[in-house]
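# Topology and contacts: notes
Chain residues, written in single-letter form:
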Amino acid sequence: MLDVRKIRLTLELRESGISDSNVLSAIEKIPREIFIPKNFRNQAYENIALPIENEQTISQPYIVALMTQSLNLLKNHKVLEIGTGTGYQSSILSLLVRRVYTIERIKSLLVKAELNFQKLKLTNIVTKHDDGNLGWKEQIPFDRIIFTAATKNISKIFFEHISEEGIIIAPIIDGQNQILTKFEKKNNKILKSSLTDVLFVPNLSGKKD
Ligand code: SAH
């Protein structure tokens, strides 16, 4: 359903610099309201982050769009996401690439996300209940990796997880701030660039029911 609120959100994203039409059309296609608790559902198409269960949040649409656009995705890519949360970001990615692998440390959140993937008939998302900081060795290499919880630094194993020309996008904690950061692998070197200030929930180790 393409209602007025959806069109307004897409326009707002365009004006904020989201120019990749594949990303915008994925945002139009995935119904954000199904990922949001009932009492906040009327705000599903506002450009704001919203609370979900277990004191976690679903990111602001602009940040989801910016992170997705910054991954420079190709149709044949294999993407790893650390922090499934509601599964909204995974669903957007699933329309744009071959396969999405997503890890969530809180079991109850993952179960709900899986129900949403089924509801939307998204069959190219593979999930795992685990501490994402351990990576997903059985599935390397990945073309792209996205962290959706803030971390102090990216462990070396993730640079070994990505292919040549691979990209990692992550909110990196820097003192009191968090900076959305892009890491690009080129000729076995890592180029690092800062995108914008963000506010994500922290990346925590260990898994939980
Ligand atoms: N991408 C999500 C929002 C993420 S909120 C969405 O679109 O809804 C961040 C999520 O990361 C939370 O669900 C949190 O439980 C999870 N998380 C935090 N640290 C993690 C870790 N080490 N491994 C896996 N998941 C983690």
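In case you missed it, the structure is sitting above this.
Residues numbered from 1 in each chain as written. Predicted model: local features only at pLDDT ≥ 70, side-chain atom pairs only at ≥ 80, totals over all residues. Heavy atoms only, no water.

Around the ligand, a shell composed of 27 residues is seen, among which Thr86, Gln89, Glu104, Gly132 and Leu204 lie nearest. Between the ligand and the protein, one listed contact pairs a nitrogen atom with a backbone N or O atom of Gly83 at 3.3 Å. Between the ligand and Asp131 there is a distance of 3.1 Å, counted from a nitrogen atom to a side-chain nitrogen or oxygen. In the complex, 99% of the free accessible area of the ligand, which totals 580 Å², lies under the protein chains. Sorting the residues of the shell around the ligand by element identifies β2 (57-58), β3 (78-82), α4 (88-94) and β4 (99-104) as the ones contributing at least two each. A per-class count over the shell around the ligand returns ten nonpolar, twelve polar and five charged. (Near = heavy atom within 4 Å. Polar contact = N/O pair within 3.5 Å; in protein donor to acceptor, adjacent residues only side chain to side chain. Areas by Shrake-Rupley, 256 points an atom, 1.4 Å probe, with all protein chains shown as cover. Helix = DSSP H or I, 4+ residues; strand = E, 2+ residues; numbered from the N terminus. Nonpolar A, V, L, I, M, F, W, Y, C, P; charged D, E, K, R; others polar.)

Attention shifts here to the side chain of His161. Relative to the assigned elements, His161 resides in helix α6 (residues 156-161). Not counting the four nearest positions on each side in its chain, His161 is found in contact with Leu80, Gly135, Trp136, Lys137, Ile140, Pro141, Phe142 and Ile145. (Contact = heavy atoms within 4.5 Å.)

Counting across every chain of the model gives five salt bridges. Among the ionic pairs, Arg5 bridges to Asp3, the shortest N-O distance being 3.0 Å. When its relative accessible area of 36% is taken as the criterion, Arg5 is described as partly exposed. Owing to a relative accessible area of 16%, Asp3 belongs among the buried residues under this scheme. (Salt bridge = Lys/Arg side-chain N within 4 Å of Asp/Glu carboxyl O. Buried < 20%, exposed > 50% of the residue type's maximum accessible area, 1.4 Å probe, protein only.)

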